[in-house]
Amino acid sequence: MAFPMLNRPPLKVLIAAPRGFCAGVDRAIQIVELALERFGAPVFVRHEIVHNRFVVDRLREMGAVFVDELDEVPDDRPVVFSAHGVPKSVPAAAQDRGLTYVDATCPLVSKVHRQAQRLIEEGRHILFIGHNGHPEVIGTFGQVPAGSITLVETVEDVARLDIPETSNLAFLTQTTLSVDDTAMVVEALKARFPNIRAPRSEDICYATSNRQAAVKAIAPECERMLVIGAPNSSNSLRLAEVAQRIGVPARLIERAADIDWDWLGEPETVGITAGASAPELLVREVVDALRQRFDVTEEEADHSPERMIFKLPRELVA
Ligand code: SF4
């Protein structure tokens, strides 16, 4: 419903930057699109290619079929594995069945997989900082033998670990965690296990940390923060947490229709950001919805552009 122009209160909309699609999500979506071009529809996709309903629905309309498990893929159709990564057993099963498959695992997740394998070859036990049940965690655990990796979610978990201090330990992390929470867990791990091996470089990916820093940069100016992302998107959830910890009430919304106008009230400034799997189109939709009720002045935060691009799999571009 559009409100009469004269009655619209002023509202500054401060848009975080960078926000939205990261290079890994962009690549995963392109992989499904290229697979549809190359093989024709239907192309099967194991799990949501990225955690965004809008993206998944668009690809579904183009001919992608999303399934939970490989068993649901017919022998004569190609299958794409999602950006979050899969346990080793999944491509192995696809190979056994002679399926054509394309792996859309983000190269930054694959890097963590390789690190995990290397640590196990060195005879280490891995403490993995991540969220129980997240597909990326399931994928990484599936790279190494059962029992060689232990999940740690919180500082309290570190205290509860029943592992001798003398064990040959290393830690790795999920790519989409809270930078601040992870730093506390790492500190607790190092305090309890002084000889623990740390990864050579940060596992939390550039997109996750840049988006959290962007929220921190605009939050002090905002009275409310709208985070566009799916409720199962780890990096989107973290963005809402970052704002809330700074004292800015924040809501995770999938689309403009989810805005709770009573909660939003009549702030002077509202911040908007989007998780790494949310398309810019949804940001525009939210700004347009705000324009229906407010006299909006829009401002994008200053930022240095992200230049990360990942190569597409050879089998799709050759
Ligand atoms: S959020 Fe990071 S790890 Fe995940 S797909 Fe994007 S770039 Fe890759």
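Residues numbered from 1 in each chain as written. Predicted model: local features only at pLDDT ≥ 70, side-chain atom pairs only at ≥ 80, totals over all residues. Heavy atoms only, no water.

S.K.: Could you give an account of the site of the ligand, with specific residues and numbers?
M.R.: Every residue close to the ligand is listed here: Cys22, Gly24, Val25, Cys106, Leu108, Val109, Thr175, Thr176, Cys205 and Tyr206. Of all elements in the fold, only helix 1 (23–39) and helix 4 (107–121) reach the threshold of two or more residues within the shell around the ligand. For the shell around the ligand, a count of residues per class yields seven nonpolar, three polar and no charged. (Near = heavy atom within 4 Å. Helix = DSSP H or I, 4+ residues; strand = E, 2+ residues; numbered from the N terminus. Nonpolar A, V, L, I, M, F, W, Y, C, P; charged D, E, K, R; others polar.)

S.K.: Give a description of the sheet that holds strand 10 (residues 250–253) that names residues and reports values.
M.R.: Across the sheet, which stays open at both edges, the five strands sit in the order 10-9-11-1-12 with parallel pairing between neighbours. With one partner strand each, in any of the chains shown, strand 10 and strand 12 (295–300) form the two edges of the open sheet. Averaged over all pairs of adjacent strands, the angle between strand axes in this sheet comes to 25 degrees, irrespective of strand direction. As judged from the four bridges shared by strand 1 (residues 10–15) and strand 11 (residues 269–274), these two strands associate in the parallel manner. Each residue of the ladder has a partner; that of Lys12, found in strand 11, is Thr269. Packed onto the sheet, helix 8 (residues 206–218) meets strand 1, strand 9 (224–228) and strand 11 and runs at close to 175 degrees relative to strand 11. (Pairing = 2+ DSSP bridges. Axes fitted to C-alpha atoms, helices over the stretch in contact; angles between N-to-C directions. Contact = heavy atoms within 4.5 Å.)

S.K.: Account for helix 4, naming residues and giving values.
M.R.: Taking 1.5 Å of rise per residue, the 15 residues of helix 4 would be expected to cover 21 Å, and the 21 Å separating its terminal C-alpha atoms lies within 8% of that figure. Of all the positions in helix 4, only Leu108, Val109, Ser110, Val112, His113, Gln115, Ala116 and Leu119 are classed as buried. Residues of helix 4 that are buried sit in contact with strand 6 (125–129), helix 5 (135–141), strand 8 (169–173) and helix 8. Two residues or fewer after helix 4 comes Gly123, characterised by a positive phi angle close to 80 degrees. (Expected span 1.5 Å × (residues − 1). Buried < 20%, exposed > 50% of the residue type's maximum accessible area, 1.4 Å probe, protein only.)

S.K.: Can you explain the pattern of salt bridges? Please cite residues and give values.
M.R.: A side chain of one charge can pair with a side chain of the opposite charge when the charged atoms of the two come close. A complete count under the given rule lists 21 salt bridges for this structure. The partner of Glu221 in a salt bridge is Lys12, with the nearest N and O atoms 3.3 Å apart. Taken together, the residues Glu221 in the loop between helix 8 and strand 9 and Lys12 in strand 1 connect sequence positions 209 residues apart. For Glu221, a relative accessible area of 43% puts it in the partly exposed group. Salt-bridge contacts for Asp57 lead to Arg60; the nearest nitrogen and oxygen are separated by 2.8 Å. Highlighted residues: Asp57 and Arg60, both in helix 2 (residues 53–62), separated by three residues, approximately one helical turn. Among the charged side chains, a network of salt bridges with common partners joins Asp181, Arg238, Glu241 and Arg245. (Salt bridge = Lys/Arg side-chain N within 4 Å of Asp/Glu carboxyl O.)

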